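Chains, contacts and geometry: an overview
Listed below, chain by chain, are the residues.
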2 protein chains.
Amino acid sequence: MSDRTEFRDLASPDALRETLAGLDLAGDREVVALDDARDRVLAERVDAGIDVPGFDRAAMDGYAVRARDTFGASETDPVTLAYAGSVHAGERPDVDLEPGDAVEISTGAVVPETADAVVMVERTSEVDRGDGDDGGGGNDANADGSGARAVEVRTAVAPGEHVMAAGADIAAGQRALGPGTLVTPREVGLLSALGVDRVPVRARPEVAVVSTGDELVPPGDELDHGAGEIHDVNTHAIAAGVRDAGGDPVVYEHVGDDEAAMAATVEAAADECDLVLTSGSTSASAMDVVYRVVEERGERLLHGVAVKPGKPTLVGTIDGTAYVGLPGYPVSALSIFRTFVAPRIRDAAARPPARTATVNATMATRERAEEGRLRLVPVGLVDDGDGDLLAYPVDKGSGATTTLTAADGVVPVDPDTNYVDADAAVTVQLFSPSVRPPRVLVVGEDDPTLSRALDDVAAPRYLAAGSRAGRRSRRDGVADAAALAGPDADAALDRDDDGVLGSWERTWGLVVPEGNPAGLSGLPSLVDDDVRFANRDTESGLRARFDAALDDLAADRDETRDALTDDVSGYELATRGHESPARRVADGAVDAGLGLESTADRLDLDFVRLGTDHVVVVAAADRRGKPGVAALERALDSGAR
Amino acid sequence: MSDRTEFRDLASPDALRETLAGLDLAGDREVVALDDARDRVLAERVDAGIDVPGFDRAAMDGYAVRARDTFGASETDPVTLAYAGSVHAGERPDVDLEPGDAVEISTGAVVPETADAVVMVERTSEVDRGDGDDGGGGNDANADGSGARAVEVRTAVAPGEHVMAAGADIAAGQRALGPGTLVTPREVGLLSALGVDRVPVRARPEVAVVSTGDELVPPGDELDHGAGEIHDVNTHAIAAGVRDAGGDPVVYEHVGDDEAAMAATVEAAADECDLVLTSGSTSASAMDVVYRVVEERGERLLHGVAVKPGKPTLVGTIDGTAYVGLPGYPVSALSIFRTFVAPRIRDAAARPPARTATVNATMATRERAEEGRLRLVPVGLVDDGDGDLLAYPVDKGSGATTTLTAADGVVPVDPDTNYVDADAAVTVQLFSPSVRPPRVLVVGEDDPTLSRALDDVAAPRYLAAGSRAGRRSRRDGVADAAALAGPDADAALDRDDDGVLGSWERTWGLVVPEGNPAGLSGLPSLVDDDVRFANRDTESGLRARFDAALDDLAADRDETRDALTDDVSGYELATRGHESPARRVADGAVDAGLGLESTADRLDLDFVRLGTDHVVVVAAADRRGKPGVAALERALDSGAR
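Please read all numbers here as calculations on a predicted model, not as lab measurements.

1. Here's the deal with the overall build of chain A
Within chain A, the regular secondary structure consists of 17 helices and 36 strands. Summarising its shape, the C-alpha atoms of chain A cover approximately 125 × 70 × 50 Å along the three principal directions. For chain A, the proportion of contacts with a sequence separation of at least 24, taken over those separated by at least 6, is 74%. When the accessible surface of chain A is split by element, carbon and sulfur atoms take 43% of a total near 25100 Å². Computed over 63 positive and 118 negative side-chain charges, the separation of the two mean positions in chain A equals 4 Å.

So, in structure tokens, the structure goes:
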């Protein structure tokens, strides 16, 4: 077991970068329809095959004329020309201009060959021509029966005026777009104008995504928790990341730890794709199999990197195809993917480098680092109310998928740095260019009323880590608002804190199965009867409220709380979510759970009322001016109605 | 005709914005597969339906223990526990820990119920147990036959250590993601962890794209230039823009100016989509029909906007569906679309606002504006060599599609501004966030050797506007390098300019049909014989070279050049591209064209040599340090080999 977890010589992050740079991931060239070319990259130069426009084109509505016929014309001294017909866009001109003629023309129409300019309609009038013929020559009687119609021209035009000459936009044979050009709507426009409906583009690198591990179950399928099953996170998250980087993910059904199946999948992936990404299951055999395949059919280039998270990263080739073995934990796998692998996929797809997805921020709290390894510290961002960003570490452990969404990016901490001080200026690499700091950051009690109210707030972040966590976070200058409950809430209301954005009452007690089979009637029966109980964690205000009630009971009985709770089976079962105890009741795992009346209602369970509690949302003093805080206040106000 | 082109009361840009804001474009909600959810926006809140993890999970490889059994253990004073079996990830534990037992456990595995902590493997050793039993209790003989195996534990662990409790990542019932969340790889990861494989997202607004005009032909189909046909640009470019904004373009086959067909298409589009976009053909009847449909079946809200380009924009409803009539010229249509319509589609799709796609730049040259209208001046960008951006106006007219790719964005100029001064600080709205200034800007002679060399340069921009244009642009401090030809090139070589990045010779003369049917033998025969000729424009170095040769001939004959050229039919036919005259020869339109020997070869035409010319690429003095200029120099060097 220790063979695979101990790395005596960790490669440096730069060595990892160089090794990856040495791999060939480039896809081929392919031809796609014009409407599918958006967001692709041209594989080769596109020269104009035709003149655009393909003819001398009227740039204005007006009259096509021979410029010399207008020389000397002015508002006060107009020239009258003979009306010689008309030509509209998309029509072949069937008129020949003779000297002294004008042909009505619309924008985009073909300028008749013998005309060389257009007079805009605003500088002309159609007039009835008398007998006099001051235009010289001219078709007095036209094919279209316009008879003696004439056109008064009140301006002189130069040859070429208001005419776009054939090829003036782009001429056949000219370079239109170079290889490597990213096709955006404007390039689609130019390609359309050139008549190019099949576009040669760089093929997206095909990237095999293989998750390994007996414990993985596709999202959507039922989990057997008791058998340690979890949903396969990496397959989908990495496939999405591959697509973000301009690659084409090829998802292979996740393979368990069966050697033959895993070897077959990895080899097939190497055969079919330009890059194979596995994310290791945590069991020993999985890594061993991949290891063996790499050793037998390719080359191991690097194993073990001085990066946290991400140490067990493996790079090599299989049958000549690039291979990267990512760690199994989603946070680790995505960190390594994003930092090291995605840029290479981007290169191979010839996509422009990602718009610098970094922001400058100030570290809100001190963060220890570990010497000797590049640390990628996940951080959340919050606007400090003055338009500057604060970064605070988010660490629920790399095994936690919520770290992905609770953090906005990572702060890279050099291997030779011991810690990052509070107030240090840091550069945050955003998880993606579309990441924005939340408009409002609420930390505190996990409460369903607050959760619902947040649905009406744009871009909030809610870290439901408990009332105590909220109090600390507000004190540390991180949270915009703390959601307090239990005694914390009482204290806030007593202070008549002018930071209060909203407050509401909730009824708490014991959630019990339908019909209350254990016949629980209140706190004494919980303490005295032989029931299995599920509690909340000590960060929650509800737990503090419960403990305060136990203290009261203990005082009544002249006992200690510990003496009371020693008799409550499961008092130590400190679950994390506001519904967690109730769900254990619903599952039949326990006879009673600490919870809210609203939760019991929602889950169709019965409820033994023990008291009421308040939730109070209190803004940090320096954040009252944030629009997100105002939006939260409004949402809480309408939620309370 | 004047009814439709004269707008007596132009609406302000703000009025246009407000009118568009009043339209309802919102799509519905739909459910998509997890792997299709990337880049979509959640339609509703997603709460955790399960605990993640669903069981107490080992966070380390090691041994699951009862924490109290390790109390007091240290490196110097280890505790020995009985090996009681093993549990791997994805396995249901089949061991019960008795006091004094340790169960081998891998990361991710279920911690057996009676264990409450994990000791990491690095702080343990398996040992042969002697007869003594210092662990108390324990399974000395295990089911798996491990007999007297024992585990030495060299550290104490607290309850819960290296165990991720059920629900510690996220507990069932907790808020996971709020409505309006953009789904990026990290959200895909969290949804996967929660087992959500069907994701409720906002439907993309369906946007009908209808181009109108008899002259339009789909890209890929042949054009009849003589009939004034052009390719349909707007359909494809706007559809791509709709997709960029998060909408779902529904392309309707472009309709001609037939009233019934157009009315039917627009009405069907209004029925099927959330927004109908037409781009007007330039013919009168098209607009009239759309007008009539809006008047009869809906409401006209606004027509004519004080924006240049974009004046004829029309906003209304048809059968209750939002309708915007865009101008017909691609540059105008896309300007209005991008500035006013795309943000509304983005809103309706609930996408976060586009990352501020603006950059600060300095105006390189003075630009006149027109009072009373918001002008959106297309500008190109170039790095001035010191890392600052210069913006230079690009105006080939809104009829030119190459304006789309020659410009990088627009500078909005207020209605009350007369001009933008050179050196003025301006804000450029980039055409899209992915727009980057070119790495090197080359302006000058249209030359095939240069075009080929640029294929080896990353992100160049080449404005092949002629040698004279190149000289001016370098002088004005815009171009990084000028491509000079003709006498300009001679002068540069004579100066022995140390800015020269590369130069090459080209053979020029008369491109003639195969077999040279007119029997042209040189310049005298062109002047003296009765042939139809195609010339180049006066910006090109080749034209200057040709004129110089004519000057020499005129001097020999003691005549003026004008006298000579008066006899050359087509001398004034100044075509724009280096291949344009040759292509006219190939088409049979002329008997001879000014061009290069290489062009004649490429097009399988014959050639009458008149002389040699040089192309010299000269960098601006202050741009020698730009990496793109160095890359260009390298490419020219290898191209010359």
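The rest of the description comes next.
2. Things to note about the sheet that holds strand 18 (residues 298–303) of chain A
All names here are of chain A. Judged by pairing direction, the sheet is mixed, and its six strands sit side by side in the order 16-13-17-21-20-18 without closing on themselves. One side of each edge strand has no neighbouring strand; the edge strands of this open sheet are strand 16 (248–255) and strand 18. With strand direction ignored, the average angle separating the axes of adjacent strands in the sheet is 20°. Inspection of the sheet shows strand 20 (residues 314–318) paired to strand 21 (residues 321–326) by five bridges, in the antiparallel sense. Following the sheet pairing, Val 315 is matched in strand 21 by Val 324. Set on the sheet, helix 5 (residues 259–272) makes contact with strand 13 (206–212), strand 16, strand 17 (275–279), strand 20 and strand 21; between it and strand 16 the angle comes to about 170°. Helix 7 (residues 330–348) rests against strand 13, strand 17 and strand 21 of the sheet, and its axis sits at about 160° to strand 21.

3. Details of the packing of aromatic side chains
Residue and element names in this part refer to chain A. All told, the structure shown has six aromatic pairs over all chains when counted by the stated rule. Taking 6.4 Å as the distance between ring centres and 85° as the angle between the ring planes, the aromatic pair formed by Trp 508 and Phe 546 counts as edge-to-face. Here the residue Trp 508 occupies a position in strand 32 (residues 500–512), and Phe 546 occupies one in helix 13 (residues 541–556), the gap between them amounting to 38 residues. Grouping residues by exposure puts Trp 508 and Phe 546 together as buried. With a centroid separation of 6.3 Å and an interplanar angle of 35°, the aromatic rings of Phe 546 and Tyr 571 are classed as tilted. On the criterion of sequence distance, the pair formed by Phe 546 in helix 13 and Tyr 571 in the loop between helix 14 (561–565) and strand 34 (574–575) is long-range, its members being 25 residues apart. In this structure, Arg 366 is placed above the aromatic ring of Tyr 419, and the distance from its NZ or CZ to the ring centre is 3.7 Å. The ring of Tyr 571 is capped by Arg 543, whose NZ or CZ atom sits 4.7 Å from the centre of that ring.

4. Description of the relation of the copies chain B and chain A
In the superposition of chain B on chain A (RMSD 0.1 Å, axial shift 0.1 Å), the rotation amounts to 180°. Overall, the copies show the geometry of a two-fold rotation axis. Residue by residue, 99% of the interface of chain B is reproduced at the interface of chain A, so both copies engage with the same surface.

5. Notes on the interface of chain B and chain A
Contact with chain B, which involves 119 residues of that partner, is made by 119 residues of chain A. Carbon and sulfur atoms supply 54% of the area that chain B and chain A bury against each other, a total of about 9300 Å² over both sides. Viewed at the interface, chain A and chain B are joined by 12 salt bridges. Here chain B is connected to chain A by 31 residue pairs in polar contact (both at pLDDT 80 or more).

6. Things to note about the confidence of the model for chain A
Residues and elements named next belong to chain A. Considering every residue of chain A, the mean pLDDT works out to 90; 93% of them sit at 70 or more. Per-element averaging of pLDDT across chain A places helix 1 (residues 2–5) at the bottom with 41 and strand 35 (residues 592–596) at the top with 98. Contacts for the low-pLDDT stretch residues 1–6, under 50 throughout, to residues beyond four places or in other chains number 13 contacts. Interface scoring of the predicted complex returns ipTM 0.90; its pTM is 0.88.

7. Quick word on the nonpolar core
Counting residues in each nonpolar core, the largest one holds 64 residues, and the members touching the most others are Ile 238, Leu 275, Leu 277, Phe 337, Val 341 and Val 428 of chain B. A total of 10 residues in this core trace back to one element, the largest contributor, which is helix 7 (residues 330–348) of chain B. The contact partners of Ile 238 of chain B, leaving out residues within four places of it in the chain, are Val 209, Leu 277, Leu 326, Ala 333, Leu 334 and Phe 337 of chain B. Counting 63 residues, the second largest nonpolar core, distinct from the first, contains Ala 237, Leu 389, Leu 430 and Phe 431 of chain A.

8. Brief notes about unusual backbone geometry
The peptide bond linking Lys 308 of chain A to Pro 309 of chain A adopts the cis configuration, its omega dihedral lying at 0°. Mapped onto the elements, Pro 309 of chain A comes out in the loop between strand 19 (307–308) and strand 20. Unlike most non-glycine residues, Asn 516 of chain A shows phi in positive territory, near 45°. Considering the arrangement of structural elements, one finds Asn 516 of chain A in the loop between strand 32 and helix 12 (523–528). A relative accessible area of 18% places Asn 516 of chain A in the buried class. Unusually for a residue other than glycine, Asp 604 of chain B sits at a positive phi of about 55°. By secondary structure assignment, the location of Asp 604 of chain B is in the loop between helix 16 (597–602) and strand 36 (606–619).

9. Things to note about the pattern of salt bridges
Evaluation of the coordinates by the stated rule reveals 88 salt bridges over all chains. Where Arg 506 of chain A meets Glu 445 of chain A, a salt bridge forms, and the shortest distance between an N and an O atom there is 2.7 Å. Placement of Arg 506 of chain A in strand 32 and of Glu 445 of chain A in the loop between strand 29 (440–444) and helix 9 (448–454) is noted, with a sequence separation of 61 residues between them. For Glu 445 of chain A, a relative accessible area of 0% translates into the label buried. In this structure, Arg 623 of chain B and Asp 622 of chain B form a salt bridge, with 3.7 Å as the shortest nitrogen-oxygen distance.

10. Notes on the packing of helix 2 (residues 13–21) of chain B against helix 7 of chain B
Residues and elements named next belong to chain B. For the pair helix 2 and helix 7, interaxial distance at closest approach is 10 Å and the crossing angle is 25°. Put simply, helix 2 runs roughly parallel to helix 7. Our pair here, helix 2 against helix 7, has a crossing hand that is right-handed. Of the residues in helix 7, those in contact with Pro 13, Leu 16, Arg 17, Leu 20 and Ala 21 of helix 2 are Thr 339, Phe 340, Val 341 and Arg 344. The class makeup of the residues in the contact of helix 2 with helix 7 is six nonpolar, one polar and two charged.

11. Some remarks on the sheet that holds strand 30 (residues 460–463) of chain B
Residues and elements named next belong to chain B. Across the sheet, eight strands lie side by side as 30-29-31-36-32-35-33-34; this open sheet has mixed pairing. Among the strands making up the open sheet, the edge pair consists of strand 30 and strand 34 (574–575). Here strand 29 (residues 440–444) runs beside strand 31 (residues 481–485); their pairing, made up of three bridges, is parallel. When the sheet's bridge partners are listed, Gly 444 is paired in strand 31 with Ala 483.

Conventions we followed
Residues numbered from 1 in each chain as written. Chains lettered and ligands numbered in written order. Predicted model: local features only at pLDDT ≥ 70, side-chain atom pairs only at ≥ 80, totals over all residues. Heavy atoms only, no water. Helix = DSSP H or I, 4+ residues; strand = E, 2+ residues; numbered from the N terminus. Contact = heavy atoms within 4.5 Å. Areas by Shrake-Rupley, 256 points an atom, 1.4 Å probe, with all protein chains shown as cover. Lys, Arg positive; Asp, Glu negative; His and termini not counted. Charge placed at Lys NZ, Arg CZ, Asp CG, Glu CD. Pairing = 2+ DSSP bridges. Axes fitted to C-alpha atoms, helices over the stretch in contact; angles between N-to-C directions. Phe/Tyr/Trp six-rings, centres within 6.5 Å; stacked < 30°, edge-to-face > 60°. Buried < 20%, exposed > 50% of the residue type's maximum accessible area, 1.4 Å probe, protein only. Lys NZ or Arg CZ within 6 Å of the ring centre and 35° of its normal. Least-squares fit on C-alpha atoms with pLDDT ≥ 70 in both. Buried area = accessible area lost by both parts, 1.4 Å probe. Salt bridge = Lys/Arg side-chain N within 4 Å of Asp/Glu carboxyl O. Polar contact = N/O pair within 3.5 Å; in protein donor to acceptor, adjacent residues only side chain to side chain. pLDDT = per-residue confidence, 0-100. Core = buried A, V, L, I, M, F, W, Y, C linked by side-chain atoms within 4.5 Å. Parallel < 35°, antiparallel > 145°, perpendicular 65-115°, else oblique. Left-handed = near helix turned anticlockwise from the far one by under 90°. Nonpolar A, V, L, I, M, F, W, Y, C, P; charged D, E, K, R; others polar.

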